[in-house]
Amino acid sequence: MKPMRNVANKIFGAVAAGALALTPTATFAQEAPIPANLNTSAGTAVEVETPFVTFNDTDRSIRFVQSGAAEASRDKIAIVVFSGNRDLQREAYQAALQLRDERVPLALILGPSLDPTNSSASIQVYAEGVPVFDGTGAIIGSNNADMVQPETVRMARIAYDRHFPQRVASLDLAQN
């Protein structure tokens, strides 16, 4: 019986390794969704969650990241941070958390660096499959890291208001 168990373990290991080899290499993390407003339909309360996902695509190409952002933004805002240093990325993450707390569904994507020195970050916002702002969005240097969060929040709110107005209208902002 023991030889059969070893064979079964080897087969299972090979299948599991093959399955892992087929998964995308982008790091994906599902943040804990927070409950959104209670939507009532025919007298029944239904709790809807606000999606918040993060992707680390810093080892991918710029086009790959932009394509992923377009796809991710079909039903939510996608914020792309083309690298920068950890302080700039951390500020963008804080902006994403703030937006999540405001019940804005979003994806935060870290892309490769556009600046070889990593002293600046380029922030782009996508909605409904397209970039919302012409050009590259906001380019913020390390000396102005304190501007990343407010600028990212500003751009994301504009994108959300313009592209998902019916969702904005249904938010109960008095809840915050």
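Located above this text is the structure these notes cover.
Note that the structure is a prediction, hence the values are computed from the model and not measured.

1. Re the packing of helix α3 (residues 86–101) against helix α4 (residues 148–163)
No. 1: Interhelical geometry of α3 versus α4 gives an angle of 45 degrees and a closest axis separation of 8 Å. Comparing their axes, α4 and α3 come out oblique. The hand of the α3/α4 crossing is right-handed. Here Leu88, Glu91, Ala92, Gln94, Ala95, Gln98 and Leu99 of α3 lie close against α4, whose contacting residues are Val148, Gln149, Thr152, Val153, Ala156 and Arg157.
No. 2: Across the contact of α3 with α4, the residue classes break down as seven nonpolar, four polar and two charged.

2. Focus on unusual backbone geometry
No. 1: Look at arginine 103: it is not a glycine, yet its phi comes out positive at around 70 degrees.
No. 2: As for its position among the elements, arginine 103 is in the loop between α3 and β6 (106–111).
No. 3: Positive phi, normally seen in glycine, also occurs at asparagine 118, with a value near 60 degrees.
No. 4: The residue asparagine 118 is located in the loop between β6 and β7 (120–127) in this model.
No. 5: We classify asparagine 118 as partly exposed; its relative accessible area is 31%.

3. Section: helix α2 (residues 62–72)
No. 1: Among the residues of α2, Val65, Ala69, Ala70 and Ala72 are the ones counted as buried. The arc that holds every buried residue of α2, seen down its axis, measures 165 degrees, which confines them to one face. For α2, exposure combined with an orientation more than 90 degrees from the buried face picks out Arg63 and Glu71.

4. Quick word on the packing of aromatic side chains
No. 1: Enumeration over the complete set of coordinates arrives at two aromatic pairs.
No. 2: The interplanar angle of 35 degrees and the centroid separation of 6.3 Å between the aromatic rings of phenylalanine 52 and tyrosine 93 together place this pair among those described as tilted. Linking phenylalanine 52 in strand β4 (residues 52–56) with tyrosine 93 in helix α3, this pair joins segments that are 41 residues apart in sequence.
No. 3: Accessibility expressed as a relative area gives 27% for tyrosine 93, which makes it partly exposed.
No. 4: Between tyrosine 160 and phenylalanine 164 the ring centres are 5.7 Å apart and the planes differ by 40 degrees, which places this aromatic pair in the tilted class.
No. 5: Classification of tyrosine 160 by relative accessible area gives buried; the value is 4%.
No. 6: Accessibility expressed as a relative area gives 5% for phenylalanine 164, which makes it buried.
No. 7: Looking at arginine 60, its charged tip hangs above the ring of phenylalanine 64, at a distance of 4.1 Å from the centre.

5. Things to note about the environment of arginine 103
No. 1: Residue arginine 103 is classed as buried on the basis of its relative accessible area, which comes to 17%.
No. 2: Along the chain, arginine 103 and phenylalanine 52 lie 51 residues apart, while their C-alpha atoms are 9.4 Å from each other.

6. Concerning the pattern of salt bridges
When the charged atoms of two side chains lie near each other, side chains of opposite charge can form a pair.
No. 1: Counted according to the given criterion, the structure contains six salt bridges.
No. 2: A salt bridge links arginine 90 to aspartate 87, with the shortest nitrogen-to-oxygen separation between them at 2.9 Å. Here the residue arginine 90 and the residue aspartate 87 both occupy positions in helix α3, the gap between them amounting to three residues, near one helical turn.
No. 3: For arginine 90, a relative accessible area of 46% corresponds to the partly exposed category.
No. 4: Here aspartate 87 falls in the partly exposed class, since its relative accessible area comes to 45%.
No. 5: Across the salt bridge formed by aspartate 101 and arginine 100, the nearest N and O atoms sit 2.9 Å from each other.
No. 6: Judged by relative accessible area, which is 15%, arginine 100 ranks as buried.

Reading the values: rules and limits
For every chain, the first residue of the written sequence is number 1, and numbering continues from 1 along that sequence. Local features in this predicted model are restricted to residues of pLDDT 70 or higher, and side-chain atom pairs are both shown and tallied only at a pLDDT of 80 or more, whereas totals for entire chains, interfaces and linings draw on every residue. Where side-chain values are given, they derive from all heavy atoms of the structure, hydrogens and water being excluded. Structural elements are reduced to axes, namely lines fitted to C-alpha atoms, with helices fitted over the stretch in contact, and the angle between N-to-C directions of any two is expressed from 0 to 180 degrees. Helix and strand definitions follow DSSP, with helices as H or I runs of at least four residues and strands as E runs of at least two, each counted in order from the N terminus. Note on angle classes: values under 35 degrees are labelled roughly parallel, values over 145 roughly antiparallel, values of 65 to 115 roughly perpendicular, and the remainder oblique. Crossing chirality is assigned from the near helix's rotation relative to the far helix, an anticlockwise turn below a right angle marking it left-handed and a clockwise turn marking it right-handed. We call two residues contacting when some pair of their heavy atoms lies within 4.5 Å. As a working rule, the residues Ala, Val, Leu, Ile, Met, Phe, Trp, Tyr, Cys and Pro are called nonpolar, Asp, Glu, Lys and Arg charged, and the rest polar, with Gly in that last group. Between buried and exposed lies partly exposed: a residue is buried under 20% and exposed over 50% of the maximum accessible area for its type, with that area taken using a 1.4 Å probe on protein chains only. Working note: the arc is built from the helix axis to C-beta atom directions. Only the six-membered ring of Trp is used, alongside the rings of Phe and Tyr, when aromatic pairs are assigned; centres must lie within 6.5 Å, and planes under 30 degrees apart are stacked while those over 60 apart are edge-to-face, with the rest tilted. In this scheme, Lys NZ or Arg CZ marks a charge over a ring once it lies within 6 Å of the ring centre and within 35 degrees of the ring normal. Each reported salt bridge corresponds to a side-chain nitrogen of Lys or Arg within 4 Å of a carboxyl oxygen of Asp or Glu.

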